[in-house]
Structures are given as structure tokens and as C-alpha cells.
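Residue strings, one per chain:
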Amino acid sequence: MRKRLVVFALLIVIVTAPLTLAQKVQLAVDVSRPGPKIDRNIFGQFAEHLGKGVYEGIWVGPDSKIPNTRGMRNDVIAALKSLKVPNIRWPGGCFADEYHWRKGIGPKRAETLNPNWGGVIEPNTFGTHEFMDFLDQIGAEAYLSINVGSGTPQEAAEWLEYLTASQPTTLAKERAANGHPAPYKIAYLGVGNESWDCGGNMTVDYYLSQLKIYSRFVRNFNPAQSGNQQMLKIAVGPGGDEPRFIEWTEAVMKAWQDRKWSWDMQGLSLHNYTVVHWDDKFASVGFGETEYAQFLKSTLEMDALINKHSAIMDRYDPQKKIALVVDEWGSWYKPLPGTNSGFLVQQNSLRDAVLAALNLNIFIRHAERVRMANIAQMINVLQAMIMTDKEKMVLTPSYYIYKMYVPFQDATFVPVTFNAGAYTHGDVSLPRVDAVGARDASGKLWLAITNLDPNQSVEIETTLTGSTGKSAVGETLTAPKVDSVNTFDAPNTVVPRRVSTSIQAGRLTLKLEPKSVTVISVEQ
Ligand code: AHR
């Protein structure tokens with residue numbers, strides 16, 4: 001009997017052993033075939049007047065006990081500076097189409113309501129000057145969303161004159177009296193937001209008539225913004241792959257192709273959240289491998305969506321003059337229990353870090369067309385970089401992905417080929433590995449490699465063509481569980497750690513932990 005038990009136990013070991021062995025994946029990196037520039041703007045952020053995204057998240061006011069600079073909390077500013085945030089989209093979202101900028105300037109601010117998000121009081125204490133000061137403090141550019149839904153072309157045109165006129169017009173003098181004599185730079189202008197839905201339920205023909213008017217009259221007067229510094233106008237684009245959105249992209253691109261001299265646009269927006277079941281969304285914590293696998297499967301659909309809309313754009317714009325701007329994306333879960341459901345508060349776990357890396361990789365592979373993207377949303381809302389609770393602040397797993405990917409900003413795409421293998425759980429099958437490469441201005445090679453498999457490590461062997469790797473260093477982000485999070489009390493559960501690599505005979509090898517994202521730099 002004892003003998004039979006030992007044989008049985010041995011059999012179990014033999015049968016299960018391969019499951020715990022590291023999988024091997026070969027990466028071929030071709031440095032001799034550089035691709036397009038990876039626009040730093042794909043690492044953009046989004047800050048809507050929604051929940052604690054702006055109030056408390058950024059703005060605490062100059063009299064707050066929370067250390068601040070002109071009302072902006074210092075801990076958040078420092079954390080965002082490390083991300084080298086290229087641009088911030090503001091003030092919405094749905095909020096933008098009900099925002100009236102005059103209520104947010106000058107010494108006396110109007111108190112209004114925020115009907116989209118919890119119906120709370122909007123104090124307007126964070127307005128135009130505060131937003132521009134915030135950008136200045138972190139070194140980001142402005143992506144302003146103008147009110148097309150409930151505003152007028154005159155209101156939007158006057159906002160831009162107020163912001164950008166250098167001549168002493170009445171509006172420019174008002175700006176100076178409010179503390180900023182020099183014209184502001186507005187790099188990007190969003191002409192409406194989801195105009196097919198919360199932005200006014202417009203048909204595409206109606207929207208196009210508005211786009212042409214706003215594009216013509218909302219001018220940027222800043223003399224420094226001519227030529228290649230011109231403000232780029234981004235039209236409302238699709239929000240999925242349903243027939244109405246395919247028609248939307250077709251119609252806007254056709255209108256652009258047939259445009260007259262008197263209007264133009266430089267970008268088309270795309271919104272796409274990762275949500276499984278809008279009516280009964282997944283939880284952001286306390287989930288297992290099944291929800292991990294299903295959610296990642298859903299997020300990978302971003303690639304097909306971009307392919308679909310890019311193919312339409314290619315027909316009207318083969319030279320890729322119009323950027324596809326994915327200016328709302330990220331995970332969307334059930335609100336955390338006990339929070340105002342209009343505040344869209346969710347936790348941010350290791351799953352979100354993997355999700356962020358997979359989407360950034362998709363944008364990087366589409367670098368020629370996707371030249372801007374804004375994760376939703378920067379602080380305390382949806383897939384946030386940072387969470388706060390009064391004076392406390394914590395950096396999320398998604399924050400660390402953005403930090404690790406900083407070297408990819410404005411780097412040159414380098415093709416990486418590999419056989420991804422498969423990670424299968426139940427009826428979900430996903431690529432086990434994903435990877436992208438880039439070369440920065442100093443010539444350093446960067447590789448970002450994700451191991452989606454939560455159970456097995458992966459041994460990576462990399463061969464380089466067109467270069468000889470001399471040394472490599474890197475960091476990896478992983479955690480004990482797929483739903484591990486950073487909390488105010490335990491902020492270091494999901495933080496990057498050094499990873500060891502080796503280069504021998506030109507081959508770079510490293511081991512990827514299960515459910516991890518690794519970024520390495522290679523000196524050549
Ligand atoms: O990011 C939250 C909301 O999602 C935005 O306000 C809106 O544009 C989108 O529907």
C-alpha cells in the first residue's frame with residue numbers, strides 16, 4: 001500500500017512539474033529598423049471636475065493645512081513631476097459641456113452645480129488660472145476641452161482670447177488684472193466631448209456643423225503659437241465599434257477630406273473604457289484569477305478597435321496627418337462600497353498595472369496614428385495614478401507603470417518579434433507575453449515586457465540585430481496577488497524592484513515573475 005502511495009505521489013509530481021517550470025520566450029529586437037517616434041503625448045492624463053479628482057486631489061486651497069503651493073498640494077505635484085506628464089485634459093469629460101469659464105476667474109467665484117457627477121456644489125475655485133498654474137508647476141501642456149454642448153462659439157472664442165491674446169484687448173487686460181499679463185500657451189483644444197451622448201446627443205451631421213463653426217472662430221492669438229507650435233484641434237470621434245461609431249468616423253474624416261480653407265482639425269478623439277458588463281461591473285478589489293483573465297481579455301480589444309478606426313482614417317488620410325487621440329481610456333469598475341457612486345471611486349490593483357502596460361504597448365505599436373492618449377483619470381477617479389484621503393496620499397500600481405515607461409516618451413520605436421505563447425484560464429486564452437522596444441535620444445535601448453500569466457514565470461532570451469548589448473539593468477512590478485493594491489497604511493505592496501539580467505555572447509537573458517511588468521535598459 002505504502003509503495004503504491006509513493007508511486008502515486010511521484011506520478012503527481014511528474015504530471016504537475018511542467019506547470020511550475022518557467023516558460024521560455026525568445027525576443028528578437030531589430031535595432032537596425034527604427035520605426036516612428038513614440039509621441040510623449042500618449043502618456044497624457046485627464047483631470048475632470050468629478051468627485052475628488054480636482055478638489056482634494058489637486059486643489060486644497062492656499063489656507064489648507066496640507067502643504068501646498070498657491071493652493072495645489074505639494075505631495076501630488078512632486079509625484080506628478082516624476083511622471084513627466086506631457087499634457088492634461090481639462091475640465092472634462094461630460095463636465096466640460098456644462099462648464100462656463102467666466103465662473104472660474106477673478107476674485108469672486110460663482111457656486112454652481114455638477115449635475116453629471118453626484119449633483120454636488122462646484123465651487124469654481126479651481127478655474128482657468130489655477131489649471132494653468134498647476135500645469136506650470138508640473139511642467140505639462142494644456143489640453144482644453146471647450147463647451148460645445150451648452151455653450152456658444154462666442155463663449156469659447158472669448159475664452160481663447162482671454163487665454164492667448166498678447167495685444168491689450170479688454171479680455172487680455174482682464175487676464176492681466178487677474179494675475180497673468182503674458183499670454184498662455186494652449187497646445188491642444190478638444191472641440192466638444194462625446195457629442196453623441198453626454199455632450200449633447202448630436203447626430204454626426206449636426207456635430208460637423210458645430211465643429212466647422214468652432215474650428216473657424218475659436219482662435220489662438222498667442223504669437224508664439226504659429227507654425228509647428230500651432231494649437232491642435234481635436235474633433236469628437238467614436239466611442240466604440242458599433243455601426244453608429246463607424247459611421248461617425250467615416251463622416252468626420254470625409255468632411256475633413258472635403259474641407260475648405262476656412263476650417264481644419266488635427267486630431268480625432270477615441271474613447272474606450274475596459275468594462276465587463278456596464279450594468280453589473282466587476283469589482284476593483286477582492287477578485288480572483290477568473291476576473292483577472294476576463295478583464296485583460298476585454299482590454300486587449302483596444303487593438304482591434306484602433307485597427308478598425310485607423311483603417312477608415314487611412315482611406316481619407318493616408319499620410320496620417322490626423323492623429324487618433326485616445327483621450328479617455330482605462331478600467332471602469334463598480335464604485336467602492338460606501339463612496340458616492342457619482343464620484344467613480346475604485347481601487348487600483350496589480351491587474352490595472354498590467355492593463356496599463358498592455359494598452360500603452362498597443363498605443364506604441366500604433367505610434368504612427370496614435371499620437372496622444374489620456375488615461376481616465378489622474379487622481380481619485382477611475383484608473384487613477386494617485387489616491388488621496390485628506391492629507392494622505394498613495395501612489396497606485398498604475399502610477400508605477402507610467403513611471404517605468406517614462407523613457408519611452410519621444411523615443412523611437414524599435415521592432416520586437418516574439419512567439420507570445422498562451423496563458424489559458426477556463427475559456428479565456430491570452431498571449432502569455434507582450435513586449436515593446438524603443439531607443440531614446442542617447443541611443444539607449446529600452447524594452448518593456450509583460451508576463452500576463454499569474455502562475456508561471458517566463459525566461460526571456462533576447463537577440464539584438466544591429467547592435468551589441470553591453471550591459472542591462474531593469475525594474476519589475478509585481479505583487480503577491482492579482483488584486484494586490486497599495487493602501488495608505490501599506491503603500492509599498494506593488495512597487496517596482498530591481499531585476500537581474502545577464503548579457504552573454506550578445507544574448508540578454510532575464511526571468512519574468514508571474515503577473516509582472518518589467519522595463520529594462522540596454523547600453524549598446
Ligand atoms: O471619465 C468619466 C466620463 O466618461 C467622462 O466624463 C465622459 O466623457 C465619459 O463618458
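Notes on the structure in this doc start here. In this text the structure is predicted, and so the values were computed from the model without any measurement. Every chain is numbered independently, its residues counted from 1 as its sequence is written. Whole-chain, interface and lining totals are the exception, using all residues; otherwise, since this is a predicted model, local features are given only for residues with pLDDT of at least 70 and side-chain atom pairs are given and counted only at 80 or more. Hydrogens and water are ignored here; the side-chain numbers use all heavy atoms of the structure.

Re the overall build of the protein chain
No. 1: Secondary structure summary: the protein chain contains eleven helices and 27 strands in total.
No. 2: Computation of the radius of gyration draws on C-alpha atoms alone. For the globule rule, the value is 2.2 Å times the number of residues to the power 0.38. Its C-alpha atoms give the protein chain a radius of gyration of 24 Å, near enough to 24 Å, the size a compact globule of 524 residues would have.
No. 3: Principal axes of the C-alpha set define a box for the protein chain whose edges measure 95 × 50 × 45 Å.
No. 4: To sort residues, take the accessible area from a 1.4 Å probe on protein chains only and compare it with the maximum for the residue type: under 20% means buried, over 50% means exposed, and anything in between is partly exposed. For the protein chain, the residues scored as buried account for 56% of the 524 residues in total.
No. 5: By sequence separation, contacts in the protein chain at least 24 residues apart represent 76% of the contacts at least 6 residues apart.
No. 6: Residue burial considers only the protein chains on display, and all accessible areas are found by Shrake-Rupley using a 1.4 Å probe. Looking at the protein chain as shown, the accessible area adds up to about 21700 Å², and 54% of this sits on carbon and sulfur atoms.
No. 7: Within this scheme the basic residues Lys and Arg register as positive and the acidic residues Asp and Glu register as negative, but His and the chain ends are omitted. A charge is said to be at NZ when it belongs to Lys, at CZ for Arg, at CG for Asp and at CD for Glu. In the protein chain, the 53 positive side-chain charges and the 53 negative ones have mean positions that sit 5 Å from each other. Labels follow the DSSP assignment, with helices taken as runs of H or I lasting at least four residues and strands as runs of E lasting at least two, numbered in each case from the N terminus. Residue contacts are counted whenever heavy atoms from the two residues lie within 4.5 Å of one another.

Topic: the state of the cysteines
No. 1: In this description, the term disulfide denotes a pair of cysteine sulfurs within 2.5 Å. One pass over the full model with this rule turns up one disulfide.
No. 2: Each disulfide pairs two cysteine sulfurs, and for Cys 94 the partner residue is Cys 198, the sulfurs being separated by 2.2 Å. Between Cys 94 and Cys 198 the disulfide shows an S-S torsion of about -95°. By sign, it is left-handed. Here Cys 198 lies in the loop between strand E9 (188-191) and helix H6 (204-217) and Cys 94 lies in the loop between strand E5 (87-90) and strand E6 (112-114), a separation of 104 residues in the sequence.
No. 3: A relative accessible area of 12% means that Cys 94 is categorised as buried.

Description of the packing of aromatic side chains
Given two aromatic rings, one states the distance between the centres and the angle between the planes to describe the pair.
No. 1: Ring pairs are drawn from Phe, Tyr and Trp, using the six-membered ring of Trp, whenever the two centres fall within 6.5 Å, and their geometry is named by plane angle: stacked under 30 degrees, edge-to-face over 60, tilted for the rest. Scanning all chains against the criterion turns up 22 aromatic pairs.
No. 2: Considering the side-chain rings of Phe 126 and Phe 134, the 6.4 Å spacing of their centres and the 70° angle between planes classify their relative orientation as edge-to-face.
No. 3: Exposure remark for Phe 126: the relative accessible area of 0% places this residue in the buried category.
No. 4: Measuring from ring centre to ring centre gives 4.8 Å for Trp 196 and Phe 245, while their planes differ by 70°; the resulting arrangement is edge-to-face. Remark: Phe 245 occurs in helix H7 (residues 243-257) and Trp 196 occurs in the loop between E9 and H6; sequence separation between them is 49 residues.
No. 5: You can call Trp 196 buried: its relative accessible area is 12%.
No. 6: Phe 245 gets classed as buried once you look at its relative accessible area, which sits at 2%.
No. 7: Through pairs of rings, three or more aromatic residues link up here, namely Trp 59, Trp 90, Phe 95, Tyr 99, Trp 101, Phe 126, Phe 131, Phe 134, Trp 159 and Tyr 162.
No. 8: Placement of a charge over a ring requires the Lys NZ or Arg CZ to be within 6 Å of the ring centre, with the centre-to-atom vector within 35 degrees of the ring normal. Directly above the ring of Phe 295 sits Arg 351, whose terminal nitrogen or CZ lies 4.7 Å from the centroid.

Section: the pattern of salt bridges
No. 1: We count a salt bridge whenever a side-chain nitrogen from Lys or Arg sits within 4 Å of a carboxyl oxygen from Asp or Glu. What the rule picks out here adds up to 28 salt bridges.
No. 2: Residue Asp 133 pairs with Arg 70 through a salt bridge whose shortest N-O separation is 2.8 Å. Here the residue Asp 133 occupies a position in helix H3 (residues 128-138), and Arg 70 occupies one in the loop between strand E3 (68-69) and strand E4 (72-73), the gap between them amounting to 63 residues.
No. 3: By relative accessible area, which is 16% here, Asp 133 ends up buried.
No. 4: For Arg 70, a relative accessible area of 53% puts it in the exposed group.

Topic: the site of the ligand
No. 1: Here a residue is considered near a molecule or strand provided that any single heavy atom belonging to it is located within 4 Å of it. Near the ligand the following residues occur: Phe 46, Glu 48, Gly 93, Cys 94, Trp 117, Asn 193, Glu 194, Tyr 273, Glu 328, Trp 332, Gln 377 and Leu 382.
No. 2: Polar contact is defined as a pair of N or O atoms within 3.5 Å, subject to the rule that within protein one atom must be able to donate a hydrogen and the other to accept it, and that residues adjacent in sequence are counted only when both atoms are side-chain atoms. A distance of 2.9 Å is found between an oxygen atom of the ligand and a backbone nitrogen or oxygen belonging to Cys 94.
No. 3: Residue Glu 194 places a side-chain N or O atom 2.9 Å away from an oxygen atom belonging to the ligand.
No. 4: With respect to the pocket detection grid, the ligand is positioned in the largest pocket. Note on definitions: the grid is 1 Å and covers protein atoms alone; a cavity is a set of points where a 1.4 Å probe fits but cannot get out; a pocket is an open set with protein on both sides within 12 Å along at least five of seven lines; lining residues have an atom within 4 Å of a point. Whether a molecule sits in a cavity or pocket is decided by its atoms, more than half of which must lie within 2 Å of the grid points.

With respect to the layout of surface pockets
No. 1: Reported here for the largest pocket is a volume of approximately 640 Å³.
No. 2: Lining the largest pocket are 31 residues, with Gly 239, His 271, Asn 272, Tyr 273 and Trp 278 positioned closest to its centre.
No. 3: Mapped onto the lining of the largest pocket, the elements with two or more residues apiece are H7, strand E11 (267-274) and helix H9 (301-316).
No. 4: A total of four residues in the lining of the largest pocket trace back to one element, the largest contributor, which is E11.
No. 5: Across the lining of the largest pocket, the residue classes break down as 14 nonpolar, nine polar and eight charged. Grid points are joined across faces, edges and corners, and a volume is the space filled by probe spheres set on the points. Note on residue classes: Ala, Val, Leu, Ile, Met, Phe, Trp, Tyr, Cys and Pro are nonpolar, Asp, Glu, Lys and Arg are charged, and everything else, Gly too, is polar.

Side note on the pairing of strand E20 (residues 433-439)
No. 1: Burial analysis of E20 places six of its seven residues in the buried class, the great majority of the element.
No. 2: One requirement defines pairing of two strands: DSSP has to find at least two bridges between them. Direction of pairing for strand E16 (residues 412-414) relative to E20: antiparallel, over a ladder of three bridges. Residue pairing in the sheet places Phe 413 in a bridge with Ala 438 of E20.

Focus: the packing of H6 against H7
No. 1: One can describe the packing of H6 onto H7 by two numbers: an axis separation of 10 Å at closest approach and a directional angle of 35°. Viewed along their axes, H6 and H7 form a crossing whose handedness is right-handed. Note on element contacts: H7 touches H6 through Trp 248, Ala 251, Val 252 and Ala 255, opposite Val 204, Tyr 207 and Leu 208.
No. 2: Within the contact of H6 with H7, the residues separate by chemical class into seven nonpolar, no polar and no charged. Helix axes are fitted to C-alpha atoms over the stretch in contact, other axes to C-alpha atoms as well, and angles between N-to-C directions run from 0 to 180 degrees. Handedness of a crossing follows from how the near helix is turned relative to the far one, being left-handed for an anticlockwise turn of less than a right angle and right-handed for a clockwise one.

Section: the nonpolar core
No. 1: In terms of nonpolar packing, the biggest core is built from 136 residues, with Phe 134, Tyr 405 and Phe 408 touching the most fellow members.
No. 2: Per element, the largest residue contribution to this core is eleven residues, and it comes from helix H10 (residues 350-365).
No. 3: Beyond its immediate sequence surroundings of up to four residues, Phe 408 is in contact with Ile 38, Phe 43, Ile 364, Val 436, Gly 437, Ala 438, Trp 446, Leu 447, Ala 448 and Val 519.
No. 4: Definition of nonpolar core: a set of buried residues of the types Ala, Val, Leu, Ile, Met, Phe, Trp, Tyr and Cys, connected through side-chain atoms within 4.5 Å. Listed in part, the 21 residues of the second largest apolar core include Val 25, Leu 27, Ala 435 and Val 499.

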